[in-house]
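Coordinate inspection notes
Each chain, letter by letter, is given below.
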Amino acid sequence: MDQTYSIPFNKPYMSGKELHYISQAVLSGMIKGNGNFTHKVHELFKKKFGFENCLLTTSCTDALEMAAMLIGIKEGDEVIMPSFTFVSTANAFVLRGAKILFADSLADHPNMDVSKLEALITPKTRAIVPVHYAGVACDMDKIMELASKYNLYVIEDAAQAIDAYYKERPLGSFGHMATFSFHETKNIIAGEGGMLVINDQQFFERAEILWEKGTNRAAFFRGEVNKYGWVDAGSSFLPSDIIAAFLYAQLENLEDIQRRRGEIWHYYKEKLQVLEDEGFIKLPVNQNWTTNNFHMFYIVCRSLDDRSALINHLKAHNVLAVFHYLSLHKSEFYQNKHDGRDLPNSDFFTDHLLRLPFFYEITEEELEYVVSLLFSFFKGTN
Ligand SMILES: *Cc1c(COP(=O)(O)O)cnc(C)c1O
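Attention in this report is confined to the structure presented alongside it. (Residues numbered from 1 in each chain as written. Predicted model: local features only at pLDDT ≥ 70, side-chain atom pairs only at ≥ 80, totals over all residues. Heavy atoms only, no water.)

**Describing the overall build of the protein**
We count it as follows: The secondary structure listing takes helices from DSSP runs of H or I that are at least 4 residues long and strands from runs of E that are at least 2 residues long, numbered from the N terminus. Just to be clear, the radius of gyration here is over C-alpha atoms, and the globule rule we use is 2.2 Å times residues to the power 0.38. Relative accessibility decides the category of a residue: with a 1.4 Å probe and only protein chains considered, values under 20% of the type maximum give buried, values over 50% give exposed, and everything between is partly exposed. In what follows, residue pairs with any heavy atoms lying within 4.5 Å of each other are defined as contacts. To be clear on the numbers: accessible area is Shrake-Rupley with a 1.4 Å probe, and residue cover counts the displayed protein chains and nothing else. When charges are counted, Lys and Arg are positive and Asp and Glu negative, with His and the chain ends excluded. By convention, charge coordinates are those of NZ in Lys, CZ in Arg, CG in Asp, or CD in Glu.
Check the secondary structure of the protein and you find 12 helices and 12 strands. On C-alpha atoms alone, the protein measures out to a radius of gyration of 21 Å, which is about the 21 Å that the 2.2 N^0.38 rule sets for 382 residues. Along the first, second and third principal axes, the C-alpha atoms of the protein reach 75 × 55 × 35 Å. Out of the 382 residues belonging to the protein, those deemed buried represent 58%. If you take every contact in the protein between residues at least 6 apart in sequence, the share linking residues at least 24 apart comes to 71%. For the protein, the exposed surface amounts to about 16,400 Å²; the carbon and sulfur share of it is 52%. When the 37 basic and 49 acidic side-chain charges of the protein are each reduced to a single mean position, those positions are 3 Å apart.

So this is what it looks like as structure tokens:
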């Protein structure tokens, strides 16, 4: 679909040795899961970000499902998360029978308003699932404090939050578990791919078993048991080593990728500042506790009509900009299950937020063109 636009919203890219590593994996004679490149990726994440344990998965969606299984979510349990998030954040828990209590966003950022969480906690609450929108950290000190006060699990949906930090500590290292995505729209990509980070070691042994179809095969290959068998209810959550090979090449170039994304982000921010100063749009804000990992660049429009007209203006010039989540509490699937609370900030971002084209290989000319189209839309000039 994107291919019909001269400037798409996103474009997957190779950063260096992706194809080389894939052929290396194939020639090594082993491309099933949990192979050499999978180990290399696990080690790299542990070393670079200090995660205790990681398991690559076929998606962030799968990692979230593993987390829900590991904390034993069952019928009637309650889980708190933002309404302004991707469906997978909620599906993982709904699939295991949980009821979701959706929290509203902050007024000036799509992240959950942490001051509203305590009122949502009941004796049935089992977990809080913060989503670090656009790689911007939720207020993790407050969330972890609430979790320990009420004895709740925290599963960070860090799908967008690779190489992002809260008070200098990497996102994904706070919750009992955390999940990342390497979908082609994220900073570091593998087509489809994800990772479960396990910070609370009580979950690791079972995580590895669920990952390998409910068997202790991983322990068997390490020589810890002399035969492997069915020891739990599990599934197949591990990706082929081909995916890990592609991902490893991307991770080797993390710094370069992040440097380029930073340039793109700052270009938009500087050029569009005038439009914010004149009241046409709002630009993203960062709380002082968080870094920016340059996952996306969004603007906040004055109205839904304004946003629709702008999308059409860009489309007419072959540029694709896209809005983001539709509040989950108003979705066709969940609206009748939602407890009825209004979540005005979540709805606000549903209607007003617009993401501009953003990918590693976008050129200066393309960026200039996108910016010029925003100016011609708002100011009638070219
Ligand atoms: C991308 C994303 C997901 C899903 O990731 P997949 O790897 O595609 O399963 C989940 N949550 C959030 C917040 C995301 O941005």
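**A closer look at the sheet that holds strand 5 (residues 153-157)**
Spelled out, the test is: Between any two strands, pairing holds if DSSP finds at least two bridges. Each axis is a line fitted through C-alpha atoms, and for a helix only the stretch in contact is used; angles between axes span 0 to 180 degrees, taken between their N-to-C directions.
Taken together, the seven strands give an open sheet; going across it, the order is 1-9-8-5-4-2-3, and neighbouring strands pair in mixed fashion. Of all strands in the sheet, those with a lone pairing partner are strand 1 (53-57) and strand 3 (99-103), marking the two edges. Across the sheet, the mean angle from the axis of one strand to that of its neighbour is 25°, orientation sign disregarded. Where strand 1 meets strand 9 (residues 194-198), five bridges bridge the pair, whose relative direction is antiparallel. Bridge assignment links Cys 54 to a residue of strand 9, and that residue is Val 197.

**Quick look at the sheet that holds strand 12 (residues 353-355)**
Pairing between the strands of a sheet is mediated by backbone hydrogen bonds and can be parallel or antiparallel. The strand order across the open sheet formed by three strands is 10-11-12, and the pairing between neighbours is antiparallel. Among the strands making up the open sheet, the edge pair consists of strand 10 (281-282) and strand 12. Of the pairings in the sheet, the one linking strand 10 to strand 11 (residues 298-301) comprises two bridges and is antiparallel in character. Looking across to strand 11, one finds that Ile 281 is bridged to Cys 301. Helix-sheet contacts for helix 10 (residues 304-316) involve strand 11 and strand 12, and the interaxial angle to strand 12 is about 20°.

**Some points on the packing of helix 9 (residues 254-277) against helix 12 (residues 364-379)**
Put simply, the rule is: When an angle is under 35 degrees it counts as roughly parallel; over 145 it counts as roughly antiparallel; between 65 and 115 it counts as roughly perpendicular; any other value is oblique. We call a crossing left-handed when the near helix sits turned anticlockwise from the far one by less than a right angle, and right-handed when that turn is clockwise.
Between helix 9 and helix 12, whose axes approach to 11 Å, the crossing angle comes to 20°. With respect to each other, helix 9 and helix 12 are oriented roughly parallel. Here the hand of the crossing between helix 9 and helix 12 comes out right-handed. Side by side, helix 9 and helix 12 meet where Arg 260, Ile 264, Tyr 267, Tyr 268, Lys 271, Leu 272, Val 274 and Leu 275 of the first sit next to Glu 364, Leu 367, Glu 368, Val 370, Val 371, Leu 374, Phe 375, Phe 378 and Lys 379 of the second.

**Observations regarding empty space enclosed by the protein**
This is how it is decided: For cavity detection a 1 Å grid was placed over the protein atoms alone, and a set of points counts as a cavity when a 1.4 Å probe fits there but cannot get out; an open set counts as a pocket when protein lies on both sides within 12 Å along at least five of seven lines, with lining residues being those that have an atom within 4 Å of a point. Grid points are joined across faces, edges and corners, and a volume is the space filled by probe spheres set on the points. Charged means Asp, Glu, Lys or Arg here, nonpolar means Ala, Val, Leu, Ile, Met, Phe, Trp, Tyr, Cys or Pro, and polar covers whatever is left, Gly included. Throughout the structure description, domain borders are defined by an automatic or database domain assignment.
Here the structure, examined in full by the defined rule, presents one cavity of 30 Å³ or more. There is about 50 Å³ of room inside the largest cavity. Forming the walls of the largest cavity are His 109, Ala 134, Val 136, Trp 265, Pro 284, Val 285, Asn 286, Asn 292, Met 296 and Tyr 298. In terms of residue class, the lining of the largest cavity is made up of seven nonpolar, three polar and no charged. When residues of the lining of the largest cavity are assigned to domains, at least three fall in each of domain 1 (18-252) and domain 2 (254-379).

**Focus: the packing of aromatic side chains**
We count it as follows: To pair, rings of Phe, Tyr and Trp, with the six-membered ring standing in for Trp, must have centres within 6.5 Å; the planes then decide the type, stacked if under 30 degrees apart, edge-to-face if over 60, and tilted in the middle.
Applying the stated criterion to the full structure yields 29 aromatic pairs. Judged by centre distance (6.1 Å) and plane angle (55°), the rings of Tyr 133 and Tyr 298 are tilted. Here Tyr 133, found in the loop between strand 4 (125-128) and helix 5 (140-150), pairs with Tyr 298, found in strand 11; they are 165 residues apart in sequence, far enough to count as distant. Exposure class is identical for Tyr 133 and Tyr 298. Each is buried. When the ring of Trp 265 is compared with that of Phe 294, the centres are 6.0 Å apart and the planes differ by 55°; the resulting orientation is tilted. Here Phe 294 lies in the loop between strand 10 and strand 11 and Trp 265 lies in helix 9, a separation of 29 residues in the sequence. You'll find Trp 265 and Phe 294 in the same group, each marked buried. Joined through ring pairs, the aromatic side chains of Phe 84, Phe 86, Tyr 133, Tyr 298, Tyr 325, Phe 348 and Phe 349 make up one cluster.

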